[in-house]
Amino acid sequence: MRLRMRLRGRKPRLIAAAAAVLLPHGARRWVHNRLLGADIHSTARIGRSLVDVDRLVLGPHAAIASCSVIRGCEEVDLAEEAVIGPLVWVNAVRRDKHYFAEQPLRRPVLRLKRAALISCLHMVDCCDLVEIGAYSGLAGFGSQVMTHTVDIVRLKQVAKPVIVGDHALVSTSSVLLPGAVVPDNAVVSAGSVVKGPLAEGHTLYEGVPAVAKRSLSPQLAFFHRAVADIR
């Protein structure tokens, strides 16, 4: 049985996570698995990124590239072949903070299903659940995912999940606002803003706010791919 010496307390965990960035890959895995309670598969890889979360799960062949920062989430779960690229910023507010006192059941969780991708230079606010579906991705660079906003009537911060379905694509420099839902087999055009649930799949959405522009053939290869790497 492997000995786990899981660190307690936010500051010691942050110090260990920061120190791990400077270590060789094997030692970095050891720190995350043994000291920080992560579950990193033997074929998964974590680069020189600061990952300070309550629980990290990396499935087979999943990867977090170097030069990213992932902080504050209660859980970050990457399924098989899922990837977070370089220069990605993920930030969350845990439930023990007072900012969302009226929403004790919100989930500061980032979940990438099989072969999901967050490419590079994206910003993800994870104050509530952010889920990227199987074989889906935030493509290009410069997109923002926002799960919280300010209710200017009640002067309260509120959070809502953001969900991207399976085989869906969010193109470069797009914005997903609190409560956004991109359905399965949908494509969001570059520079679009998704404000809530989009209606149906096999559709190209475009604009500010994003609206349906045209139907897409269900036979498109992207909607049927079974390999992770389209880069």
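Up top you'll find the structure we're talking about.
The present account deals with the structure reproduced in this document. (Residues numbered from 1 in each chain as written. Predicted model: local features only at pLDDT ≥ 70, side-chain atom pairs only at ≥ 80, totals over all residues. Heavy atoms only, no water.)

1. Notes on unusual backbone geometry
Then comes step 1: With omega at 0°, the peptide bond leading from valine 208 into proline 209 counts as cis.
Then comes step 2: Tracing the backbone through its elements, the reader meets proline 209 in the loop between strand E24 (203–206) and strand E25 (211–215).
Then comes step 3: Phi is positive for alanine 115, which is not a glycine, with a value near 60°.
Then comes step 4: Within the secondary structure, alanine 115 sits in the loop between strand E10 (109–112) and strand E11 (117–118).
Then comes step 5: Positive phi is not limited to glycine here, since asparagine 185 has a value of about 60°.
Then comes step 6: Mapped onto the elements of the fold, asparagine 185 is located in the loop between strand E21 (181–182) and strand E22 (186–188). (Helix = DSSP H or I, 4+ residues; strand = E, 2+ residues; numbered from the N terminus.)

2. What about the sheet that holds strand E3 (residues 50–52)?
Then comes step 1: One open sheet holds the seven strands; their spatial order is E3-E6-E9-E12-E15-E20-E23, and the pairing between them is parallel. In this open sheet, the two strands that pair with only one neighbour each are E3 and strand E23 (193–194).
Then comes step 2: By the bridge criterion, two bridges tie strand E12 (residues 123–125) to strand E15 (residues 144–145) in an arrangement that is parallel. By the bridge assignment for E15, methionine 123 is matched with glutamine 144.
Then comes step 3: Of the strands in this sheet, E3 and strand E6 (69–71) are in contact with helix H1 (residues 10–20), which crosses E3 at around 155°. (Pairing = 2+ DSSP bridges. Contact = heavy atoms within 4.5 Å. Axes fitted to C-alpha atoms, helices over the stretch in contact; angles between N-to-C directions.)

3. With respect to the nonpolar core
One broad trend across soluble globular proteins is that nonpolar side chains are buried collectively.
Then comes step 1: Formed by 42 residues in total, the largest nonpolar core has its most connected members in Leu56 and Leu176.
Then comes step 2: Put simply, the parts of the chain that give this core at least two residues each are strand E4 (56–58), strand E7 (75–78), E10, strand E13 (130–132), strand E18 (162–164) and E22.
Then comes step 3: Membership of the second largest hydrophobic core comes to nine residues, among which are Leu35, Leu36, Leu50 and Val69. (Core = buried A, V, L, I, M, F, W, Y, C linked by side-chain atoms within 4.5 Å. Buried < 20%, exposed > 50% of the residue type's maximum accessible area, 1.4 Å probe, protein only.)

4. Here we look at the pairing of strand E17 (residues 156–159)
Consecutive residues of a regular strand have side chains that alternate between opposite faces of the sheet.
Then comes step 1: For strand E16 (residues 148–151) and E17, the ladder comprises four bridges, and the chain directions are antiparallel. Across the sheet, histidine 148 pairs through a bridge with alanine 159, a residue of E17.
Then comes step 2: Count of turn residues in the E16/E17 antiparallel hairpin: four residues, of which leucine 155 carries a positive phi of about 55°.

Keep in mind these values describe shape, not function.
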